[in-house]
Amino acid sequence: MHELSIAMGIVDAALDESQRRGVQVSAVHLRLGALSGVIKDALMFSYEVACQDTPLQGSRLIVVDVPVIVFCPHCLNERELPSVQLFACPECGAPTMDVRQGKELEVFALEIQEETGHEVEVPESEVQK
Amino acid sequence: MSEPRLVEVRRNVLKQNDVTARALREQFRTAGVFVVSLVSSPGSGKTTFLEKTLTQLQPRYRVAALVGDLATENDAVRLARSKAPVKQITTGTLCHLEAAMVQNALQDWNLGSLDFLFIENVGNLVCPSSYDLGENLRLVLMSVTEGEDKPLKYPTIFNSADVAVVTKNELADAVEFDWDAALRSIQSVRPGMQIFRLSAKTGEGMEEYLNFLSQQLVEHRAVAHI
């Protein structure tokens, strides 16, 4: 199971982004490709463990499943694969390895609590300098 | 008062590994060494297969191996019998190799003095699929005793591989291995993949596979030195 190290990578990335923005994260949104090699249930469990004793403790992981999209050399079109057990165009059956989507493992958004008192804002007077 | 708000970030979780893997691949290119990584289930005969590969390539080529193993050094000890330089990466509880581990292990190696470097991953068909090691060729190994549908059970790793080797062919009759069904399941998850059927034990089919590696080395160097 490598999901714990993946979860720790997610926490690191989210922490880095949140600290840079000076915000508190309540949820992390992740794009998870069907070909990423990561098992969602194991990842959800690992995320909780990875968050312990970090500012992300108590935050949620929201996973968006990303299906595999291939390019069919016969139809000349992008097609979504119904299963990763068959790399063939679901319309015409032509085999294809031209994968256009499905390997994603990407933190794409953070849900933040904006606490007005802590917000880091550049005063207008500083902008021109 | 605070209100939840969504901010876009776009961070590839495996970016650090990908960056290291790219640096390794460039290092391999300039050194002119062809790097093959091996993935398989535990017990598929990976170490025997690698031992035979190293032994049989040695008269013609300078070869070496990195071996990932959870806890023991048994594999490295076995492979050392081939007289090729072998280094163990003990991963502890980690079920896969990462690019940084390969980079660390290679620090004191002169890659320019090698033709082939083999990286034996930890026996596992799930976790290694997520990690690029900078290899030039990913070889997935399965044995006839594992059943014809292995690729359908682990499509991601088979899909990520460049070439498949089906070994322990000397046992094919005994286990009533259905070669056509195996071919179909491999081609289903990884269309067009080249497949070698062999027996590391008896040597049957090894020559074709070794010739393929030699050809890959020639092509690798032709591209690398443009």
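Up top is the structure these notes are about.
Calculation criteria
- Residues numbered from 1 in each chain as written.
- Chains lettered and ligands numbered in written order.
- Predicted model: local features only at pLDDT ≥ 70, side-chain atom pairs only at ≥ 80, totals over all residues.
- Heavy atoms only, no water.
- Salt bridge = Lys/Arg side-chain N within 4 Å of Asp/Glu carboxyl O.
- Helix = DSSP H or I, 4+ residues; strand = E, 2+ residues; numbered from the N terminus.
- Buried < 20%, exposed > 50% of the residue type's maximum accessible area, 1.4 Å probe, protein only.
- Pairing = 2+ DSSP bridges.
- Axes fitted to C-alpha atoms, helices over the stretch in contact; angles between N-to-C directions.
- Contact = heavy atoms within 4.5 Å.
- Patch = residues over 30% accessible without salt bridge, like charges linked within 9 Å, V, L, I, M, F, W, Y side chains within 5 Å.
- Areas by Shrake-Rupley, 256 points an atom, 1.4 Å probe, with all protein chains shown as cover.
- Buried area = accessible area lost by both parts, 1.4 Å probe.
- Nonpolar A, V, L, I, M, F, W, Y, C, P; charged D, E, K, R; others polar.

> When you look at the pattern of salt bridges in this model, what are you seeing that I'm missing?
If the charged atoms of two oppositely charged side chains come close together, the side chains can form a pair. All names here are of chain B. Applying the stated rule across the entire model yields 23 salt bridges over all chains. A salt bridge links Arg-25 to Asp-132; the shortest N-O distance between them is 2.7 Å. Remark: Asp-132 occurs in the loop between β5 (116–120) and β6 (137–143) and Arg-25 occurs in helix α1 (residues 15–31); sequence separation between them is 107 residues. Given the relative accessible area of 23%, Asp-132 is considered partly exposed.

> What should I look at first to understand the sheet that holds strand β2 (residues 34–40) of chain B in this one?
Two orientations exist for strands paired in a sheet by backbone hydrogen bonds: parallel and antiparallel. Residue and element names in this part refer to chain B. A sheet is described by the order of its strands in space; here seven strands give the open sequence β4-β3-β5-β2-β6-β7-β8, paired in parallel fashion. If you trace the sheet from one side to the other, it starts and ends with β4 (86–90) and β8 (194–197), each paired once. Averaged over all pairs of adjacent strands, the angle between strand axes in this sheet comes to 20 degrees, irrespective of strand direction. In the sheet, strand β3 (residues 63–69) pairs with β5 via five bridges, with the strands oriented parallel. Looking at β5, one finds that Val-67 is bridged to Glu-120. Against the sheet, helix α2 (residues 46–57) makes contact with β2, β3, β5, β6 and β7 (163–167), and its axis sits at roughly 170 degrees relative to β5, the strand it touches most. Where helix α8 (residues 206–224) meets the sheet, it contacts β2, β5, β6, β7 and β8, and its direction lies at approximately 115 degrees from that of β5.

> Explain the environment of Lys-168 of chain B here, please?
All names here are of chain B. With respect to the element layout, Lys-168 can be found in the loop between β7 and α7 (179–189). The spacing of Lys-168 and Val-77 is 91 residues in sequence and 22 Å in space, taken between C-alpha atoms. With sequence-adjacent residues up to four places away left out, Lys-168 is seen in contact with Gly-43, Ser-44, Gly-45, Ser-143, Val-144, Thr-145, Leu-198 and Ser-199.

> Could you clarify how one ought to interpret a nonpolar patch on the surface in this entry?
Residues and elements named next belong to chain A. Taken together, the side chains of Met-1, Leu-4, Met-8, Phe-45 and Val-49 define a hydrophobic patch exposed on the protein surface, amounting to about 490 Å² of accessible area. Those elements that provide at least two residues to the nonpolar patch are α1 (3–21) and α2 (40–51). Relative to the helices and strands, Leu-4 resides in helix α1.

> Is there a simple way to explain the interface of chain A and chain B in this structure?
Buried accessible area, meaning the area lost when the parts come together, often serves as the stated size of an interface. Across the boundary between the two partners, chain A contributes 38 residues, which contact 31 residues of chain B. Note on chain A versus chain B: buried area summed over both sides is about 2,900 Å², and carbon and sulfur give 56% of it. A salt bridge links Glu-17 of chain A to Arg-11 of chain B, with the shortest nitrogen-to-oxygen separation between them at 2.9 Å. Breaking the side of chain A that touches chain B down by element, the ones donating at least two residues are α1, β1 (24–33) and β6 (105–115) of chain A. A per-element tally of the side of chain A that touches chain B places β6 of chain A first, with eleven residues. Counted by class, the side of chain A that touches chain B contains 20 nonpolar, ten polar and eight charged residues.

That is the geometry; function is a separate question.
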